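# Inside the fold
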Amino acid sequence: LVVPGLVGMIVVAPEFIEFLYGPKWEPAVAPLQILCLAGIINVMSTFTGAILTARRLVARELIHQVIYFCLLASGIYWVAQDGGSRVLVRIAWVVFGARFFVYAANQQYVNSIFGHTWSRVLAILYPLFLAVGVEYVAARIARDFLLKQLQLGTLPVLLLTVVTGGVAYVASILVFRKNVS
């Protein structure tokens, strides 16, 4: 449920930020959306870290986390040097990149333990990717329609977009689950 929630937040981030903080916080939308992508990677990393820990490969996980910290610290230092209005967006991309590196490194090691390939991992995740793709498209269409055609306010757009995305996700996961198995 975290992944569809994060995908939904990517879609409704402008309304979410405006509702909570007001229109002057609009520059926070892009960093929030990028950090939601990093959150999706983080959710996927949870299982790889748990598998490495269960296999008593904590040293491997520790090395990956130290690399993550070094990437994060050096990347943030590097992108923050010139400041500017987009510095938070660049920092969010650094977080995403560092998180993706740790996920890929851990997943590669888990793949070698179980004899999986990246294509096998992607095949396992395929129904989820399809479902969140449908959720994203449905929520974007609903959001655009509610904003442009009906010209509703922030809160109704936020709520109706979340409901539309949720219904689309649940319906598509039911359809895709039957077709994949």
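The notes below deal with the structure included here.

Thresholds applied
Residues numbered from 1 in each chain as written. Predicted model: local features only at pLDDT ≥ 70, side-chain atom pairs only at ≥ 80, totals over all residues. Heavy atoms only, no water. Helix = DSSP H or I, 4+ residues; strand = E, 2+ residues; numbered from the N terminus. Buried < 20%, exposed > 50% of the residue type's maximum accessible area, 1.4 Å probe, protein only. Contact = heavy atoms within 4.5 Å. Core = buried A, V, L, I, M, F, W, Y, C linked by side-chain atoms within 4.5 Å. Salt bridge = Lys/Arg side-chain N within 4 Å of Asp/Glu carboxyl O.

Before going further, it helps to spend a moment on the overall build of the protein. Summing up its helical and strand segments, the protein has six helices and zero strands in all. Listed by position from the N terminus, the elements making up the protein come as α-α-α-α-α-α. Dimensions of the protein, computed from the C-alpha atoms along their principal axes, are close to 55 × 50 × 20 Å. When each of the 181 residues of the protein is scored for burial, the buried share is 36%. Sequence separation of at least 24 residues holds for 69% of the intrachain contacts in the protein that already meet a minimum separation of 6.

With a phi angle near 60°, Arg-56 is a residue other than glycine that sits in the positive phi range. Residue placement: Arg-56 occurs in the loop between helix H2 (29–54) and helix H3 (58–80). Given a relative accessible area of 76%, Arg-56 falls into the exposed group. If you check the backbone angles, Gln-151 has positive phi at about 50° while not being a glycine. Among the structural elements, Gln-151 can be located in the loop between helix H5 (118–149) and helix H6 (154–180).

In this section: the nonpolar core. Core analysis: the biggest nonpolar cluster contains 20 residues, and Ile-40 and Tyr-103 have the highest contact counts within it. Residue assignment for this core shows that the elements contributing at least two residues are helix H1 (2–21), H2, H5 and H6. The element best represented in this core is H1, accounting for seven residues. In contact with Tyr-103, not counting residues within four places along its chain, are Ile-41, Met-44, Ser-45, Thr-48, Trp-118, Val-121 and Leu-125. Residues Val-94, Val-95, Ala-98 and Val-102 belong to the second largest nonpolar core, which totals eight residues.

It is worth spelling out the side chain of Glu-15 at this point. By secondary structure assignment, the location of Glu-15 is in helix H1. With residues up to four places along the chain from it excluded, the contact list for Glu-15 reads Arg-143, Leu-147, Thr-154, Val-157 and Leu-158.

Looking now at the pattern of salt bridges. According to the stated counting rule, one finds three salt bridges in the structure shown. Where Arg-143 meets Asp-144, a salt bridge forms, and the shortest distance between an N and an O atom there is 3.6 Å. By relative accessible area, Arg-143 is classed as buried at 12%.

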